[in-house]
Each structure stands twice: as structure tokens, then as C-alpha cells.
Amino acid sequence: MTIGIISAIAAGIMLGLYALPEKYARDFEFENTWGLMFLINMFIVPVIAGFLLVDDFTAILGSLSGEILLKMGIAGILWGIGVMLWGKAINYIGLSLGFSIFIGTVILVGSLLPFLVDGLPPRGAFLTILAGILVVLVGVIANGRAGVARQKDEQERALSTRSDAAMSTGIAIAIGGGLLATGFSYANAAGRPAIHAASQAAGNPEWVTAVVVMFVIYLAGGLFVAPYFYYQLSKKNYWGKFKSPALGRNLGLTTIMAVLNFAASVTFAYAAFQLGQAGNTVGYAIFNTVSVAVAIVTGLITGEWLSASNRAKGLLYAGLIAMVLGVIVIAWGNSLAA
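This one's a predicted model, so the numbers in the text were calculated from it and none came from an experiment. (Residues numbered from 1 in each chain as written. Predicted model: local features only at pLDDT ≥ 70, side-chain atom pairs only at ≥ 80, totals over all residues. Heavy atoms only, no water.)

With respect to the overall build of the protein
Here is step 1 of the chain: Within the protein one finds 13 helices and zero strands.
Here is step 2 of the chain: Traced from its N-terminal end to its C-terminal end, the protein shows the element sequence α-α-α-α-α-α-α-α-α-α-α-α-α.
Here is step 3 of the chain: Its C-alpha radius of gyration of 20 Å places the protein within 12% of the 20 Å reference for a compact globule of 338 residues.
Here is step 4 of the chain: Principal-axis analysis of the C-alpha atoms gives the protein an extent of 60 × 50 × 30 Å. (Helix = DSSP H or I, 4+ residues; strand = E, 2+ residues; numbered from the N terminus. Rg over C-alpha atoms; globule rule 2.2 N^0.38 Å.)

The structure is reproduced here in C-alpha cells:
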């Protein structure tokens, strides 16, 4: 249990930091930065990790049934669409708020999806977990209100050209992306048992299973993301921006983003395994809430809320506190199921 919680926290820290380097990219549009990041993240990093870290990697993949691959593939594609929308939401409404709304939605739905695969825990534990998820919902609502309040503060000080409609659009994109990204939780729950059995039979350590699981999910997600960014780059004629003198700098930044994101997912999958029966639910909640806390702190440090009123910041902090309390209740519910 302790190893699982520590792993989930470590995964959340990595996820909370992964989008930060995007702030320092130069001469790139959204499509250039995130398109390059997703190319590295969904195709290059998983392949390198799979062949370097997993014994009998191709044999393990070949042992999976068509049904499992189909479930993981569809869920992975939905997740890919969701994380693409997440990147767009961050550009609309900033790092801290983009994480809060997106991840809050992910926790709400993603914490329940594994029950469809793993079955329901005892009634008392299940009701406690539901109560925790409702507290998380309070936090998501508070964070949404914080974003609206911040927008009004910036407009009153003439510090932002972003319209109310743009803020609302960014929040809607974050929620929609969060709903789709919960496919990650389902794919992990659906594919992990079979992959773990095959990986163990090949003599791999337990943590290696997570690398194979993420390989399938990430490549499936790339089936949507790659064509989308190819189309957008061509439509907007942004390919020429890759010739920027800042290409080397931006390549380094996007590689850091890609590695942090993939490593966070692998670490989460291992944490879910260590946390036992309801690990996908509890681990997912801890993992994502820690990432929100880290993103909020980095957003504050980088000045995203510098011009926000005390009311807006208070709503942001209240939302974070509610999400943390909700995760504590969810963890308690998991202990009742043990």
C-alpha cells in the first residue's frame, strides 16, 4: 500500500510538471509545439522504452487477444483525443486552471470506470468512494468559478485581451478533454491483467508491465493525434515554423514534456497495481490530484494568477483543498474494501 501511494504521488508530480516547458518554447504555434511533443510522446518514447526495458517485448504483445487490443485501442484513441484537447485548453486558460478543470473531470469519471472492469467493492466502501468523488466535484466547480473570476479581474485591469467567450471555450474544452481522457483508466484496467501475466511469464519485474500497457495506450492515442496535427499544420501552413533558430531549444523542451508524461503514466500504472483491488480508482485519484496541486503551484510561480483578485485565488485554493479532501475520502473508501 505504501509503495503504491508513494508511486502515485511521484507520478502526479511528473504529470503536474510535464506541460511547464511549453511556456518557454519560442517561435512555435500551438500546433508546432504540441504536435512535436505528441510525436515524441506517443511514438518515439514508448517504442524505445518497450525495446530497452522489456524482455520478450514483441512476444508479450503477440500474446494479447484481439478483444483486449480492441478495448485498449478504442479507449486509447479516446484518451489521445482528450489529451490533445487538454493541450489546447492550457493555451486558452493557462496551466493551473487547465490542469484543475481537466484533471478534476478525469478524476470524477476515471475513478468510476475501473469498476466496470474490476467489479464493485463492498457497499460501504463503494458509497465512501462515491462521497469522495462528489467532494472532488465541488473542487472542480470552484476551480471553474476561479477561472471566470480571474478573467474578469484581468479585463478590469486591461491586462488581458482574452474574451469571456474564450475563457468559457477553454473551460468547455478542458471538460470535454477530461471526459474523453478517462479512456486511459479503462484501457489500463482492461489490458493490465493479461499483459501482466505475459510479462511475468517472460521473467520481467512487476513494474515492467506498466511499460507494455502504456505502449499500447500511447500508440493507440497517436492514431488520432498524428493525423490531426498533420492536417492542422498543413491547413495553417505552419510547417515552415520548424525552420526557426529555436528548433533545437524547442525540441529539447518537447522531449522533456514527452518523457515526463510517459514516465508519469508508467509510474501510475505501477501504483495502481501496488494499491490492490481498487487501485485503479484510488491510484488514479491520488495521481491526478497531486498533478493538479503541482500545476497550480507552477502556475502561481510563473505569474498566471498575478493579477487575479483575492476572491479568484480563494476559489482556486478552495477547489484544490476540496479535491485533496475528496481523494483522502476515496483512499479511506479503498481501505474499507481491502
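What follows picks up the thread again.
Notes on the pattern of salt bridges
Here is step 1 of the chain: Inspection of every chain in the model, using the stated rule, returns three salt bridges.
Here is step 2 of the chain: The closest approach of N and O atoms between Glu-31 and Lys-236, which form a salt bridge, is 2.6 Å. Of this pair, Glu-31 sits in helix α2 (residues 30-53) while Lys-236 is found in the loop between α10 (208-235) and α11 (247-274), placing the two residues 205 residues apart along the sequence. (Salt bridge = Lys/Arg side-chain N within 4 Å of Asp/Glu carboxyl O.)

Remarks on helix α1 (residues 2-18)
Here is step 1 of the chain: When the terminal C-alpha atoms of α1 are compared, their 24 Å separation across 17 residues agrees well with the 24 Å that a helix rising 1.5 Å per residue should span.
Here is step 2 of the chain: Among the residues of α1, Gly-4, Ser-7, Ala-8, Ala-11, Gly-12, Met-14, Leu-15, Gly-16 and Tyr-18 are the ones counted as buried. (Expected span 1.5 Å × (residues − 1). Buried < 20%, exposed > 50% of the residue type's maximum accessible area, 1.4 Å probe, protein only.)

Observations regarding the packing of α10 against α11
Here is step 1 of the chain: It is at 9 Å that the axes of α10 and α11 come closest, and there the two elements cross at 125 degrees. As the angle between them shows, α10 and α11 are arranged oblique. As α10 runs across α11, the sense of the crossing is right-handed. Contact with α10, carried on its side by Ala-210, Val-211, Met-214, Phe-215 and Tyr-218, involves Asn-261, Phe-262, Ser-265, Val-266, Ala-269 and Tyr-270 of α11 and no other residues of that element.
Here is step 2 of the chain: Tallied by class, the residues present in the contact of α10 with α11 amount to nine nonpolar, two polar and no charged. (Axes fitted to C-alpha atoms, helices over the stretch in contact; angles between N-to-C directions. Parallel < 35°, antiparallel > 145°, perpendicular 65-115°, else oblique. Left-handed = near helix turned anticlockwise from the far one by under 90°. Contact = heavy atoms within 4.5 Å. Nonpolar A, V, L, I, M, F, W, Y, C, P; charged D, E, K, R; others polar.)

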